[in-house]
Amino acid sequence: MSRQGQRSGATGVHHNRQYSEHYLDASSKWFNNSSSNHIPPLQDYNLYGGGGRMYRSNAQRSFNEYCLDPSTPPRSYAVKKNGNGYGEEDDSPRDFSPGLLDLHSFDTELLPQITSSNLYDSEPYIFGKQPVRARASENNVSNSVAAADNVKSSNVAKIKVVVRKRPLNKKETAKHEEDIIDTVSNSLTVHETKLKVDLTQYVEKHEFVFDAVLNEEVTNDEVYRETVEPIVPIIFQRTKATCFAYGQTGSGKTYTMKPLPLKASRDILRLMHHTYRNQGFQLFVSFFEIYGGKLFDLLNDRKKLCMREDGKQQVCIVGLQEYRVSDVETIKELIEQGNATRSTGTTGANEESSRSHAILQLAIKRSVDGNVSKPPRVVGKLSFIDLAGSERGADTTDNDKQTRIEGAEINKSLLALKECIRALDNDQGHIPFRGSKLTEVLRDSFVGNSRTVMISCISPSSGSCEHTLNTLRYADR
Ligand SMILES: Nc1ncnc2c1ncn2[C@@H]1O[C@H](COP(=O)(O)OP(=O)(O)OP(=O)(O)O)[C@@H](O)[C@H]1O
């Protein structure tokens, strides 16, 4: 009997198997319904002129100059402004001029520090109207929820490392590969088969402990609850958070990351429409990728973007399009559009492998003093990063020059990311952002009040042992 068969299937988290329907199916569903009970149910309060509205922002035009109908892909519409500040559809589709998105100093500069009592005790305002006293009692309810969120925020670790083990796939099972990973609570053991000099086999055990270990039975909903859900409320409290998935090609990074932004935006909208109702928060989405050290806008025909640093060493991504969104459907469309645009390529290791880092950002903004004529500024931000396959850095032999260059670039950025996380972990004053484009772009997510969640994805199979150990060593702090 194989070792796999002998084991009792000890797991850190006990839940129904989710992959039975979707696993082994490359077109598995990416957007699951969130079943979170922690945040009140979403209601459409029609805050922005209709749940089906979406706004596109860039720095050269005011944020509400564009308004798109989410029922069709956003880039096929341009919008002209009407009298009430909201747009109407226009036939001229590519009316957008490249904007300047300054991640810090323009519309993403943090609002001045608002103490929690200021933020929650003040009367709510409605766009263009005076504060309404009648809403005071409703606001008191919000206050207590917000206060509870404050308490929660101090409990959210600055860096959290979670390992997710996927099930064996069809190919691995067909090759009779064994599951060599045991998980118990937040620890795991890798059983590596080795050869002695006399060619007899022996098993070396490698043990690791992480903040959480999620076994092959854990669903995407549970991954969300363990990783991103605790961060969502603190985004409203001037926090910038990053969640990324690391691991070899085929280890489940995309499978793990894809549902997270949608689940997070659903909860963000719930909070905006409930706890923070009428407090002027707005949600913006942008989606870009870093491929070969260059930036491309996944929500604007993969338009090439450039990153600049201003005199105050603040990072700007020139031309990046952001969309103001107020309903989950629109966000889903944008994410689907971005994913479809994302580049994939062929290498010796995995034909479908993604060789780029995809970065989806959800930014919560608010106009200073509730003045809608002023561009809204970032209050908090949540970045989701689906990293390129970690073994790409070693991809130097059986591929062409282009693939080798890509591999070197990926290797550089993954190392730089690790260095930044190590520096954050050690509370070092200096964070080495400049190590790569990826870390430069993420600079503002690492400074100040930041949170980082790393999800290390591993394959259970004996054939992936070396890569799995590399991934776990990368994640080991
Ligand atoms: N936890 C899981 N449960 C069920 N199926 C999974 C799980 N993780 C991954 N898979 C499946 O494994 C396959 C590879 O996963 P995925 O594409 O997410 O890998 P990846 O790490 O993103 O690879 P790449 O770096 O090449 O993009 C997919 O078919 C996916 O559906």
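- For the protein, an unreviewed UniProt entry supplies the name Kinesin-like protein and the organism Glycine soja.
- In UniProt, the protein has this text filed under Sequence similarities (unreviewed entry): "Belongs to the TRAFAC class myosin-kinesin ATPase superfamily. Kinesin family. KIN-13 subfamily."

1. Some points on the packing of aromatic side chains
Then step 1. Taken as a whole and assessed by the stated rule, the structure comprises six aromatic pairs.
Then step 2. Ring centres 6.0 Å apart and planes at 15 degrees place the aromatic pair Phe 208 and Phe 210 in the stacked group.
Then step 3. Ring geometry for Phe 236 and Phe 281: centres 5.2 Å apart, planes at 90 degrees, overall edge-to-face. Here Phe 236 is found in the loop between α7 (232-235) and β10 (240-246), whereas its partner Phe 281 is found in strand β11 (residues 281-291), with 45 residues between them in sequence. The burial state of Phe 236 is the same as that of Phe 281; both residues are buried.
Then step 4. An aromatic cluster is present here, built from Phe 236, Tyr 276 and Phe 281 joined pairwise through their rings.
Then step 5. Over the ring of Phe 296 we find Arg 302, and its NZ or CZ is 4.2 Å from the ring centre.
Then step 6. The ring of Phe 284 has Lys 365 sitting right over it, with the charged end atom 4.5 Å from the ring centre.

2. Structural notes on the UniProt feature "binding site: ATP" (unreviewed entry) in the protein
Then step 1. Residues given the UniProt feature "binding site: ATP" (unreviewed entry) here are Gly 247, Gln 248, Thr 249, Gly 250, Ser 251, Gly 252, Lys 253 and Thr 254.
Then step 2. If you trace the backbone, Gln 248 turns up in the loop between β10 and α8 (253-257).
Then step 3. When its relative accessible area of 9% is taken as the criterion, Gln 248 is described as buried.
Then step 4. Tracing the backbone through its elements, the reader meets Ser 251 in the loop between β10 and α8.
Then step 5. Setting aside residues no more than four positions away along its own chain, Ser 251 makes contact with Arg 166, Cys 457, Ile 458 and Ser 459.

3. Observations regarding unusual backbone geometry
Then step 1. Unlike most non-glycine residues, Leu 199 shows phi in positive territory, near 70 degrees.
Then step 2. Among the structural elements, Leu 199 can be located in the loop between β7 (187-195) and β8 (201-209).
Then step 3. A relative accessible area of 65% means that Leu 199 is categorised as exposed.
Then step 4. One non-glycine residue, Arg 302, adopts positive backbone phi at about 55 degrees.

4. Looking at the pattern of salt bridges
Then step 1. As enumerated under the stated definition, the model contains 16 salt bridges in all.
Then step 2. For Lys 165, the salt bridge is made with Glu 216, and the minimal N-O distance between the two is 3.3 Å. With Lys 165 in strand β5 (residues 159-165) and Glu 216 in the loop between β9 (212-214) and α6 (220-227), this residue pair connects regions lying 51 residues apart in the sequence.
Then step 3. Here Asp 267 and Arg 270 are joined by a salt bridge, their closest N and O atoms 2.8 Å apart. Of this pair, Asp 267 and Arg 270 both sit in helix α9 (residues 259-273), three residues apart, roughly one helical turn. The exposure classification of Asp 267 matches that of Arg 270, with both residues buried.

5. Focus on the environment of Val 453
Then step 1. For Val 453, the location among the structural elements is in strand β18 (residues 450-458).
Then step 2. C-alpha of Val 453 to C-alpha of Ala 241: the two residues are 212 residues apart in sequence and 7.9 Å apart in space.
Then step 3. If we skip the residues at most four places from it in the chain, Val 453 touches Lys 160, Thr 227, Ile 231, Thr 242, Cys 243 and Phe 244.

6. Some points on helix α10 (residues 328-341)
Then step 1. Compared with an ideal rise of 1.5 Å per residue, which puts 14 residues at 20 Å, α10 spans 20 Å between its outermost C-alpha atoms and is within 8% of the ideal.
Then step 2. Within the span of α10, buried status applies to Val 328, Thr 330, Ile 331, Leu 334, Ile 335, Gln 337, Gly 338, Asn 339 and Thr 341.

7. Quick look at the nonpolar core
Looking at soluble globular proteins, one finds that nonpolar side chains tend to be buried together.
Then step 1. Core analysis: the biggest nonpolar cluster contains 47 residues, and Val 228, Ile 268, Leu 283, Leu 362, Leu 382 and Phe 384 have the highest contact counts within it.
Then step 2. Contact partners of Phe 384, with chain neighbours within four places excluded, come to Val 228, Cys 243, Met 257, Leu 260, Pro 261, Ala 264, Ala 358, Ile 359, Leu 360 and Leu 362.
Then step 3. Core analysis: the next-biggest nonpolar cluster, separate from the first, contains 44 residues, Leu 188, Ile 359, Leu 424 and Leu 469 among them.

Conventions used here
- Residues numbered from 1 in each chain as written.
- Predicted model: local features only at pLDDT ≥ 70, side-chain atom pairs only at ≥ 80, totals over all residues.
- Heavy atoms only, no water.
- UniProt positions renumbered as here; feature names shortened; annotations may be inferred.
- Phe/Tyr/Trp six-rings, centres within 6.5 Å; stacked < 30°, edge-to-face > 60°.
- Helix = DSSP H or I, 4+ residues; strand = E, 2+ residues; numbered from the N terminus.
- Buried < 20%, exposed > 50% of the residue type's maximum accessible area, 1.4 Å probe, protein only.
- Lys NZ or Arg CZ within 6 Å of the ring centre and 35° of its normal.
- Contact = heavy atoms within 4.5 Å.
- Salt bridge = Lys/Arg side-chain N within 4 Å of Asp/Glu carboxyl O.
- Expected span 1.5 Å × (residues − 1).
- Core = buried A, V, L, I, M, F, W, Y, C linked by side-chain atoms within 4.5 Å.

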